[in-house]
Amino acid sequence: MLSTETTPKFIYQPHYKPNQLICGHGQTAIITGWTVKQSLAKHLNPDQYAVIGNLYSPTRGISPLLRNLIANPHVRYLVILNATKEDKNSGSCQCLLDFFSQGFQLGKSDTGRECWLINSPITGYIDKEIDRETLEKLRQSIQYQLVKSIPEAIEIVKSYAEQSPLPTWGEPLIFPLLENLPSLLPGTRYGHRIEGKTIAETWVKILQKIKTTGTIRPTGYDGKWQELIDLMAVVTDEPPDFYFPEPNYLPIDRAFLTEYIGQILDDSPIHQGVKYTYGQRLRSWFGRDQIAQVINKLISEIDAASAVMSLWDVKDHEKGGSPCLNHIWVRVVENELSLTAIFRSNDMFAAWPANAMGLRALQQHIRDEISKRSEYNLSMGPLITISQSAHIYDDTWENVERLIATQYDKIVNQRDFFDPSGNFLISVEKEQILVQQTTPGSGEIVACYQGKNPLKLIRELAATNPAIIPEHIGYLGIELQKAYNCLKNNQPYIQDQ
Ligand SMILES: O=c1ccn([C@H]2C[C@H](O)[C@@H](COP(=O)(O)O)O2)c(=O)[nH]1
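- The protein chain goes by Thymidylate synthase in an unreviewed UniProt entry, where it is assigned to Microcystis aeruginosa PCC 7806SL.

Right, dumping it as structure tokens:
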């Protein structure tokens, strides 16, 4: 048996993401990938490990992880748990393993930043500020092991803990961290509406809005994020087979989506270490299949405003890791089926595109089932997401900036001159400027505005139609001024169409 008096107690000092780690006094760092770290910690005592932490992303997570290891050179063993579907999708654990087994070389990140690239089929970055010699020394000094299950991880961590302590491999080192602070434009904090035809297009608009006006705040995860509160995204025309841009600038591809849709539509058994799936919450968690309930409800009462699914369990307050997606509503209005979902917290860069596509698949499924089982042949209405905290994490700001630089102008310049507030026909009649408002479709006249003062008229138009598109009201301002000049100079006025 190990005598605790004679075993030195190492102290793990996390310099990066300290609140995300479970620290102990041993010499083994345990990387749990996407598996909940407490599900390993509960089988071990703190003398058996140095630290336990997750690793979600190979481009954003490996650098802080290595920085912490370099600052704690008493860590001599690394156990990497690569257990879940999410680990396979992200490739983060595989990439970390490749750092140790294959090394790294100088290269550039997606955003053109100089960095160390891990020699791996999975893209993984390490900050260039960490010097090559130290990284090489770290690689040589740590014994690493990839495992596929929690029991396997526990067994190997315990076996390392039984070995005699190893000397530290060097002095603790801390390398500078470059800060990237965004420049902000003023804007409101609460309540935002963004609309786009496809999920991809809407995503770029969302990111632009958060990046330019979001509040910078500390996250619960030892970093910063930029955030808008209550952001509503309306996607009007996502095609049934989903739109992926070419080249694909979304953070997901079709293969990922196929797997992800299952997590929303299908039930799944409760697995140790895996928090929950949305499918499980929808299909069985509350002892009911809520998707089936909603389909039945609408078939029996197509106008129902109670086709609601709930993913939030009041017990979620009692432990961490509660579902981000909380409620889903389905409505049928004028033969069109829309779906609205609310998220308490939404990572708009990394998670929203998958969330939105998964929900769109659920919307399609509900529409198809209703049409199979009733006389209703509904069309697909919009998908609406409401994100209470709509945020982008600081380690993605560079990617977001690059995406906006390359995609945003193209998207906002696809003008179709369609304004749901309608059209405004301007003329000069009987010494007055006359503005007739028409419906956007058939062009029926629905309101008239009259006067001589263009400023008063524009104020009246804006007050009566607060949702008018900004570019449209700007155009009307120019036209009203022109009409006023013509009236003053006794010249004919023709509206510029
Ligand atoms: O379907 C999901 C699951 C998670 N997240 C994001 C939101 C938060 O950034 C983070 C979860 O952190 P907590 O809110 O649980 O702390 O993951 C999503 O955006 N969508």
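## Describing the pairing of strand 10 (residues 215–218)
- Two elements, strand 10 and strand 11 (residues 224–235), share four bridges in a ladder whose sense is antiparallel. Within the sheet, the bridge partner assigned to Arg217 lies in strand 11 and is Trp225.

## Some details on the pattern of salt bridges
- With the rule as written, the count across this model stands at 20 salt bridges.
- For the salt bridge of Lys297 with Glu301, the shortest nitrogen-to-oxygen distance reads 3.3 Å.
- On the accessibility criterion, Lys297 (29% relative accessible area) is partly exposed.
- When salt bridges that share partners are traced, they join Arg67, Arg113, Asp127, Glu129 and Glu398 into one network.

## A short note on the site of the ligand
- Every residue lining the ligand is accounted for by Tyr221, Tyr278, Cys324, Arg344, Ser345, Asn346, Asp347, Ala351, Asn355, His391 and Tyr393.
- In the model, an oxygen atom of the ligand is placed 2.7 Å from a nitrogen or oxygen of the Tyr278 side chain.
- A distance of 2.7 Å separates an oxygen atom of the ligand from a polar backbone atom of Asp347.
- The protein chains hide 75% of the 460 Å² of surface that the ligand would expose on its own.
- Counting residues per element, the shell around the ligand draws most heavily on strand 14 (residues 336–347), at four residues.
- Split into classes, the residues belonging to the shell around the ligand amount to five nonpolar, four polar and two charged.

## Some remarks on the sheet that holds strand 1 (residues 22–23)
- On the basis of which strands lie adjacent, the open sheet formed by five strands has the order 1-3-2-4-8 and mixed pairing. Where the open sheet ends on each side, the last strands, each with one partner, are strand 1 and strand 8 (143–147).
- Note: strand 1 against strand 3 (residues 51–53), two bridges, orientation antiparallel. Looking at strand 3, one finds that Ile22 is bridged to Ile52.

## Describing the nonpolar core
- Counting residues in each nonpolar core, the largest one holds 63 residues, and the members touching the most others are Leu298, Ile328, Leu362 and Ile366.
- A per-element tally of this core places helix 11 (residues 352–373) first, with nine residues.
- Residue contacts for Leu298: discarding those within four places in its chain leaves Ala304, Ala307, Val330, Val332, Leu337, Ile370 and Tyr376.
- The next biggest cluster of nonpolar side chains, apart from the first, holds 30 residues, and it includes Tyr12, Leu65, Val75 and Cys95.

## Here we look at the domain arrangement of the protein chain
- Under the domain assignment, the protein chain is made up of domain 1 (16–160), domain 2 (188–411) and domain 3 (421–487).
- Distance between the C-alpha centres of domain 1 and domain 2: 31 Å.
- In this assembly, 21 residues from domain 1 lie in contact with 17 residues from domain 2.
- For the pairing of domain 1 and domain 2, the buried interface totals around 1,600 Å² over both sides, and the portion due to carbon and sulfur atoms is 42%.
- Run the count over domain 1 and domain 2 and you get three salt bridges.
- Here Asp395 makes a salt bridge to Arg60, at a shortest N to O gap of 3.3 Å.

## Describing the packing of helix 2 (residues 62–70) against helix 5 (residues 132–141)
- Remark: helix 2 packs on helix 5, axes separated minimally by 11 Å, with the N-to-C direction vectors making an angle of 80°. Taken together, the axis directions place helix 2 and helix 5 in an arrangement best described as roughly perpendicular. Across the interface between the two elements, Leu66, Leu69 and Ile70 of helix 2 pack against Thr134, Leu135 and Leu138 of helix 5.
- The residue makeup of the contact of helix 2 with helix 5, split by class, is five nonpolar, one polar and no charged.

## Quick notes on the environment of Gln293
- Summarising the element assignment, Gln293 is placed in helix 10 (residues 290–300).
- Taking the relative accessible area as the measure of exposure, Gln293 reaches 39% and is therefore partly exposed.
- Along the backbone, Gln293 and Asn489 are 196 residues apart, and their C-alpha atoms lie at a distance of 68 Å.

What counts and how
- Residues numbered from 1 in each chain as written.
- Predicted model: local features only at pLDDT ≥ 70, side-chain atom pairs only at ≥ 80, totals over all residues.
- Heavy atoms only, no water.
- Pairing = 2+ DSSP bridges.
- Helix = DSSP H or I, 4+ residues; strand = E, 2+ residues; numbered from the N terminus.
- Salt bridge = Lys/Arg side-chain N within 4 Å of Asp/Glu carboxyl O.
- Buried < 20%, exposed > 50% of the residue type's maximum accessible area, 1.4 Å probe, protein only.
- Near = heavy atom within 4 Å.
- Polar contact = N/O pair within 3.5 Å; in protein donor to acceptor, adjacent residues only side chain to side chain.
- Areas by Shrake-Rupley, 256 points an atom, 1.4 Å probe, with all protein chains shown as cover.
- Nonpolar A, V, L, I, M, F, W, Y, C, P; charged D, E, K, R; others polar.
- Core = buried A, V, L, I, M, F, W, Y, C linked by side-chain atoms within 4.5 Å.
- Contact = heavy atoms within 4.5 Å.
- Domains from an automatic or database assignment.
- Buried area = accessible area lost by both parts, 1.4 Å probe.
- Axes fitted to C-alpha atoms, helices over the stretch in contact; angles between N-to-C directions.
- Parallel < 35°, antiparallel > 145°, perpendicular 65-115°, else oblique.

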